[in-house]
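Understanding the architecture of this molecule
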Amino acid sequence: MKASKLIYYLDDDTDDLYFFKDVAESLGHTVQIFINGSVMLQALERKNPLPDIIFLDIHMPVFNGEEILNVLKKDPNWKQIPVVMISGAYPKKLVRNYLEAGANYLMKKPTASEWRTSLAKVLEIDWATFQAYA
């Protein structure tokens, strides 16, 4: 098994948050969940410690995933953290926009039976060598 990662996950759906947390923790990782983007940014500002990877739901009210992505990738302290955009559905025409904005990966929310496999696959990526697809 690869080293345990600290994961931040931002989503406005509490069921999805806790399901993701349970699956990631069953894979040996530590997860900090957030329902509010501003609270997640405050946690990042405290820097104790910074996450190894951030998962962002794309469709959220007030402060959506794309807006958070833009904040993350403009900050020199956070821009190196891999960001996975995650959503139940996303228009293919926006995929390029997310990648150009700095997302490292786009992940469609899997079905309940596929979560463990899908999440394990993403968490095994070597972000130092990974080339995002367009």
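Everything below is about the structure printed above this text.
Quick look at the structure, then. (Residues numbered from 1 in each chain as written. Predicted model: local features only at pLDDT ≥ 70, side-chain atom pairs only at ≥ 80, totals over all residues. Heavy atoms only, no water.)

**Quick look at the packing of aromatic side chains**
Following the criterion strictly, the structure yields nine aromatic pairs and no others. Each ring, one from Phe-20 and one from Trp-115, has its centre 5.7 Å from the other, and the planes form 90°; the classification is edge-to-face. With Phe-20 in helix α1 (residues 14-26) and Trp-115 in helix α5 (residues 115-123), the pair connects residues that are 95 residues apart, well separated along the chain. By relative accessible area, which is 4% here, Trp-115 ends up buried. A network of ring pairs unites the aromatic residues Tyr-9, Phe-19, Phe-20, Phe-55 and Trp-115 as a single cluster. (Phe/Tyr/Trp six-rings, centres within 6.5 Å; stacked < 30°, edge-to-face > 60°. Helix = DSSP H or I, 4+ residues; strand = E, 2+ residues; numbered from the N terminus. Buried < 20%, exposed > 50% of the residue type's maximum accessible area, 1.4 Å probe, protein only.)

**Re the environment of Met-60**
For Met-60, the position within the fold is in the loop between β3 (53-57) and α3 (65-74). A relative accessible area of 11% means that Met-60 is categorised as buried. Taking C-alpha positions, Met-60 is 21 Å from Lys-79, a pair spaced 19 residues apart along the chain. Each residue touching Met-60, except ones within four places of it in the same chain, is listed here: Leu-10, Asp-11, Asp-12 and Gly-65. (Contact = heavy atoms within 4.5 Å.)

**Let's talk about the pairing of strand β1 (residues 6-10)**
Among the five residues that make up β1, five are buried, leaving the element largely enclosed by the rest of the structure. Here β1 shows a buried face lined by Leu-6, Tyr-8 and Leu-10 and a second buried face lined by Ile-7 and Tyr-9. With five bridges connecting them, β1 and strand β2 (residues 30-34) associate as parallel partners. Within β2, the position partnered with Ile-7 by the bridge is Val-31. Handedness of the β1-α1-β2 crossover: right-handed. (Pairing = 2+ DSSP bridges. Right-handed = clockwise from strand over helix to strand, strands pointing away.)

**Quick word on the pattern of salt bridges**
Scanning the entire structure with this criterion turns up four salt bridges. As a salt-bridge pair, Asp-16 and Lys-109 come within 2.6 Å of each other at their nearest N and O atoms. On the criterion of sequence distance, the pair formed by Asp-16 in helix α1 and Lys-109 in the loop between β5 (105-108) and α5 is long-range, its members being 93 residues apart. The class for Asp-16 is partly exposed, based on a relative accessible area of 21%. A salt bridge links Lys-109 to Asp-57; its shortest N-O distance comes to 3.8 Å. Linking Lys-109 in the loop between β5 and α5 with Asp-57 in strand β3, this pair joins segments that are 52 residues apart in sequence. Grouping residues by exposure puts Lys-109 and Asp-57 together as buried. (Salt bridge = Lys/Arg side-chain N within 4 Å of Asp/Glu carboxyl O.)

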